[in-house]
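A look at the structure
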Amino acid sequence: AQRVTQPEKLLSVFKGAPVELKCNYSYSGSPELFWYVQYSRQRLQLLLRHISRESIKGFTADLNKGETSFHLKKPFAQEEDSAMYYCALSPYGNNRLAFGKGNQVVVIP
Amino acid sequence: DTGVSQNPRHKITKRGQNVTFRCDPISEHNRLYWYRQTLGQGPEFLTYFQNEAQLEKSRLLSDRFSAERPKGSFSTLEIQRTEQGDSAMYLCASSFHREENIQYFGAGTRLSVL
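Fair warning: this is a prediction, and the values are worked out from it, not measured in the lab. (Residues numbered from 1 in each chain as written. Chains lettered and ligands numbered in written order. Predicted model: local features only at pLDDT ≥ 70, side-chain atom pairs only at ≥ 80, totals over all residues. Heavy atoms only, no water.)

1. What to know about the interface of chain A and chain B
This is how the line gets drawn: Residue contacts follow a heavy-atom distance rule, with two residues in contact if any of their heavy atoms lie within 4.5 Å. By definition, the buried area sums, over both parts, the 1.4 Å-probe accessible area that each loses when the two are put together. For this document, the term salt bridge refers to a Lys or Arg side-chain nitrogen within 4 Å of an Asp or Glu carboxyl oxygen. Any pair of N or O atoms that falls within 3.5 Å is considered a polar contact. Within protein, one atom must be able to donate a hydrogen and the other to accept it, and sequence-neighbouring residues count only if both atoms are side-chain atoms. Put simply, DSSP H or I for four residues or longer makes a helix, DSSP E for two residues or longer makes a strand, and each gets a number counted from the N terminus.
Facing 17 residues of chain A, the contacting portion of chain B comprises 21 residues. Of the roughly 1,600 Å² buried where chain A meets chain B, counting both sides, 45% is carbon and sulfur surface. In terms of surface lost to chain B, no three residues of chain A exceed Arg43, Asn95 and Arg96 of chain A, which account for 39% of the buried area on that side. Across the chain A-chain B interface, the total number found is one salt bridge. Viewed at the interface, chain B and chain A are joined by seven residue pairs in polar contact (both at pLDDT 80 or more). When residues of the side of chain A that touches chain B are traced back to their parent elements, those giving at least two are strand 5 (31–38), strand 6 (45–49) and strand 9 (83–91) of chain A. Looking at the side of chain A that touches chain B element by element, the count peaks at three residues for strand 5 of chain A.

2. Concerning the state of the cysteines
So the rule is basically this: Our working definition of a disulfide is a cysteine sulfur pair at a distance within 2.5 Å. Relative accessible area decides the class of each residue, using a 1.4 Å probe on protein chains only: under 20% of the type maximum gives buried, over 50% gives exposed, and in between gives partly exposed.
This model, assessed by the stated rule, comprises two disulfides over all chains. The partner cysteine of Cys23 of chain A in its disulfide is Cys87 of chain A, sulfur to sulfur 2.0 Å. One quick way to see it: the torsion about the S-S bond of Cys23 of chain A and Cys87 of chain A is about -65°, and its sign makes the bridge left-handed. Here Cys87 of chain A lies in strand 9 and Cys23 of chain A lies in the loop between strand 3 (19–21) and strand 4 (24–26), a separation of 64 residues in the sequence. Judged by relative accessible area, Cys87 of chain A falls into the buried class, the value being 0%. Two residues, Cys23 of chain B and Cys92 of chain B, share a disulfide whose sulfurs are 1.9 Å apart. Measuring the twist about the S-S bond at about -70°, one finds the Cys23 of chain B-Cys92 of chain B disulfide to be left-handed. Of this pair, Cys23 of chain B sits in strand 3 (residues 19–24) while Cys92 of chain B sits in strand 9 (residues 88–95), and the two are 69 residues apart along the sequence.

3. A short note on the packing of aromatic side chains
Going by this rule: Two rings belonging to Phe, Tyr or Trp (six-membered ring only in the last case) form a pair when the distance between their centres is within 6.5 Å. Interplanar angles under 30 degrees mark stacking, angles over 60 mark edge-to-face geometry, and anything in between is tilted. Whether a charge sits over a ring depends on NZ of Lys or CZ of Arg being within 6 Å of the ring centre and within 35 degrees of the ring normal.
This structure, assessed with the given rule, holds 12 aromatic pairs over all chains. Their ring planes at 40° and their centres at 5.3 Å tell us that Phe21 of chain B and Tyr90 of chain B sit as a pair that is tilted. Of this pair, Phe21 of chain B sits in strand 3 while Tyr90 of chain B sits in strand 9, placing them 69 residues apart in sequence. Residue classification places Phe21 of chain B among the buried residues on the basis of a relative accessible area of 1%. Tyr90 of chain B sits in the buried class, given a relative accessible area of 0%. For the pair Tyr33 of chain B and Tyr48 of chain B, a centre-to-centre distance of 5.2 Å together with 10° between the ring planes defines the contact as stacked. Within this pair, whereas Tyr33 of chain B is found in strand 4 (residues 31–37), its partner Tyr48 of chain B is found in strand 5 (residues 44–50), the two being separated by 15 residues in sequence. An identical accessibility class is assigned to Tyr33 of chain B and Tyr48 of chain B; each is buried. Ring-pair connections join several aromatic residues into one group, and the members of that group are Phe34, Tyr36, Tyr86 and Phe99 of chain A together with Tyr33, Tyr35, Phe45, Tyr48 and Phe105 of chain B. In this structure, Arg22 of chain B is placed above the aromatic ring of Phe74 of chain B, and the distance from its NZ or CZ to the ring centre is 3.9 Å.

4. Quick word on the nonpolar core
Grouped burial of nonpolar side chains is what soluble globular proteins tend to show. As a reminder, the rule being used: Put simply, buried Ala, Val, Leu, Ile, Met, Phe, Trp, Tyr and Cys residues joined by side-chain atoms within 4.5 Å make one nonpolar core.
Core analysis: the biggest nonpolar cluster contains 24 residues, and Leu21, Trp35, Leu47, Leu48, Leu72 and Tyr85 of chain A have the highest contact counts within it. Among the elements of the structure, strand 2 (10–14), strand 3, strand 5, strand 6, strand 8 (69–74), strand 9 and strand 11 (103–108) of chain A are those that each provide at least two residues to this core. Per-element accounting of this core gives the leading share, four residues, to strand 9 of chain A. Counting 19 residues, the second-largest nonpolar core is a separate cluster that includes Trp34, Phe65, Ala67 and Cys92 of chain B.

See below:
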């Protein structure tokens, strides 16, 4: 079975400060990892996925198979980054997503 | 709005009643997923369709739950004999086979069982 752990429920940061959201996973095979984001009053949407290796809205995430982690980082937080962030895993060759409990990020002006 | 559409947005029902939710995926998306999200938790996978075939069901999907996608387009999720523990947000998502695992979510149906 796969499991995704996001240890911090709420993260408050000042505008311009770095943001790091931790995500650890357990899965015996080769997973695909994602970060999904939900802004206030909006639906859940994909932020980035590890195979893309791209930066979206200034966010990056690197898959570390040794540490089984997929932490999300942004060097300078903006007010519009305030949202709920979910780390998710999909087993290789499967389409279902297993989500963590989420991180509420509040960026203080 | 050409995104995933879910109806109704809210449903309040009494314990023991049956409820049905509908999901209309993005046009041409052949994969459709149902998830359930309770307060303070991330979405939990319930079931998945490829076209009209239901390919996977979670153990969370008890025999009171049934999902269909009869023509490979919209899907319905029915809960029979609702219980208070069924109160949750029910999310639908769809994806295109050439963009595997990029799932587009609907706004959800919030179910409250009294």
